[in-house]
Amino acid sequence: MIELNRRVLIGGAAMALSAPMLMTRAAHAQADTSMNIDHAMPPETHRFKVGGFEVLVIKDGARASDKPQETFGTNQTPEAVGELLAANFLPQDKFVNSFAPVLVNTGADVVLFDTGLGPAARAQGGGRLIEGLAAAGYTPEDVTVVVLTHMHGDHIGGLMENGKPTFANARYVTGQAEYDFWVDPARAGTPAENGQKGVLANVKPLAEKMTFVGDGASVVSGITGMAAFGHSPGHMIYMLESDGKSLLLTADTANHFVLSLQKPEWEVRFDMDKAAAAATRKKVFDMLATDRTAFLGYHMPFPAVGFVEKLDTGYRYVPKAYQFDI
Ligand SMILES: [Zn+2]
């Protein structure tokens, strides 16, 4: 089933990109109200097993923003977005976006997926990945592989601390298409220019230690990449498989647990190719619903792990309970 659907995903990946739009950190800062959550407490972490793999989810931060309809369902009326939120017991005028980097200890490797907002967000209460790792008994030096699902600021922000690589002993894995897009001089003067600056500062200096991959790539034994383009040009997701258990790290395939899952076709401001992102969303979550496979989405409500049930027009999010504990 997975093999079959991987091929379907490549089809979605082949769609041409049109007028890429990029969320910039500056644009975010204006729209967002920071949430200084429990600053004195260690950040939330959550640990569970997927077969023989230990999975640790870290809450790097969370932000409340106004006007959900200006981010999700941008091709819908504000009333339609508000109605769906209200029907799901959510406020209509604000939403919370949280950030969930994931550490996977396979026994042979310690693989980190995405690096959070990094030092630039600390004053607003974000960038808490390293603190979270420490609370769970890991140091940055323990990380042997850093996987970047894509190169938006909330995923690459933690790669550097004080101009030095945060994860001193790690090699890196990232999508070839993603890297090629962001380092291309053609981004100058486009909406992606600001994002490119982040990539040139945080990612490009590490290129010599990077493996550039595409659909079907093996990161380490039991971790396989799948192309899921659209949110960004080379956005990739990763399947964990160990001892008959599996978990798909869907990164930013869907960015709101109600709006993006119940209405996968609704356009999202952060999706650089909106049509490709919607097509990928449907393919990935159709596969998860059909196979009844669990997933972890970077922006799902912490600890960001759940299942989807197919509805008439989309999917219902069912948060994980004790499925991995017994
Ligand atoms: Zn993101």
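Residues numbered from 1 in each chain as written. Predicted model: local features only at pLDDT ≥ 70, side-chain atom pairs only at ≥ 80, totals over all residues. Heavy atoms only, no water.

Caption draft 1: Fine view of the nonpolar core. Counting 49 residues, the largest nonpolar core has Phe113, Ile223 and Leu247 as its most contacted members. Leaving out residues up to four positions away in the same chain, Ile223 has contacts with Phe53, Val104, Thr106, Val111, Phe113, Ala217, Ser218, Tyr238, Met239 and Leu240. Among the nonpolar cores identified, the runner-up in size contains 28 residues, and Leu129, Met151, Ile156 and Tyr179 belong to it. (Core = buried A, V, L, I, M, F, W, Y, C linked by side-chain atoms within 4.5 Å. Buried < 20%, exposed > 50% of the residue type's maximum accessible area, 1.4 Å probe, protein only. Contact = heavy atoms within 4.5 Å.)

Caption draft 2: How the structure looks around the packing of aromatic side chains. Scanning all chains against the criterion turns up ten aromatic pairs. Their ring planes at 50° and their centres at 5.6 Å tell us that Phe113 and Tyr238 sit as a pair that is tilted. With Phe113 in strand E7 (residues 110-113) and Tyr238 in strand E15 (residues 236-242), this pair connects stretches of sequence that are 125 residues apart. Here Phe113 falls in the buried class, since its relative accessible area comes to 3%. Ring centres of Phe181 and Trp182 lie 4.9 Å apart, and the angle between their planes is 90°; on these two criteria the pair is classed as edge-to-face. Residue Phe181 is classed as buried on the basis of its relative accessible area, which comes to 8%. Grouped by ring-pair contacts, the aromatic residues Phe257, Phe285, Phe295, Tyr315 and Tyr317 constitute a single cluster. Sitting above the plane of the Phe181 ring, Arg187 keeps its charged end 4.0 Å from the centroid. (Phe/Tyr/Trp six-rings, centres within 6.5 Å; stacked < 30°, edge-to-face > 60°. Helix = DSSP H or I, 4+ residues; strand = E, 2+ residues; numbered from the N terminus. Lys NZ or Arg CZ within 6 Å of the ring centre and 35° of its normal.)

Caption draft 3: Main features of the coordination of the zinc ion. Around the zinc ion, the protein contributes the donor atoms Asp154 (OD), His155 (NE2), Asp252 (OD) and His299 (NE2), which lie 2.1 to 2.2 Å from the metal centre. Coordination at the zinc ion is irregular: its four donor atoms span angles of 88 to 171° at the metal. Counting gaps between the donor residues of the zinc ion yields the pattern D-H-x96-D-x46-H. Here Asp252 is found in the loop between strand E16 (245-251) and helix H8 (259-262), whereas its partner His299 is found in the loop between strand E17 (294-297) and strand E18 (305-310), with 47 residues between them in sequence. The burial state of Asp252 is the same as that of His299; both residues are buried. (Donors = N, O, S within 2.8 Å, 3.2 Å for Na, K, Ca; no water. Tetrahedral: all angles 85-135°; square planar, octahedral: opposite > 155°, others 65-115°.)

Caption draft 4: Layout of the sheet that holds E7. Spatially, the seven strands line up as an open sheet ordered E2-E3-E6-E7-E8-E11-E12, and their pairing is mixed. Two strands in the sheet have a free side with no partner beyond their single neighbour: strand E2 (45-50) and strand E12 (210-213). Averaged over neighbouring strand pairs, the angle between their axes works out to 20° when direction is ignored. Direction of pairing for strand E3 (residues 53-58) relative to strand E6 (residues 102-105): antiparallel, over a ladder of four bridges. The partner of Glu54 across the bridge, within E6, is Asn105. Each of strand E11 (171-175) and E12 touches helix H6 (residues 176-183); the most contacted strand, E11, lies at about 85° to it. (Pairing = 2+ DSSP bridges. Axes fitted to C-alpha atoms, helices over the stretch in contact; angles between N-to-C directions.)

Caption draft 5: Structural view of the pairing of E7. Taking every second residue as pointing to the same face, both faces of E7 are buried, with Val110 and Leu112 on one and Val111 and Phe113 on the other. Alignment of E6 against E7, held across four bridges, turns out to be antiparallel. By the bridge assignment, Leu103 is partnered in E7 with Leu112. Where E6 folds back on E7, the antiparallel hairpin that results is connected by four residues, among which Gly107 adopts a positive phi of roughly 100°.

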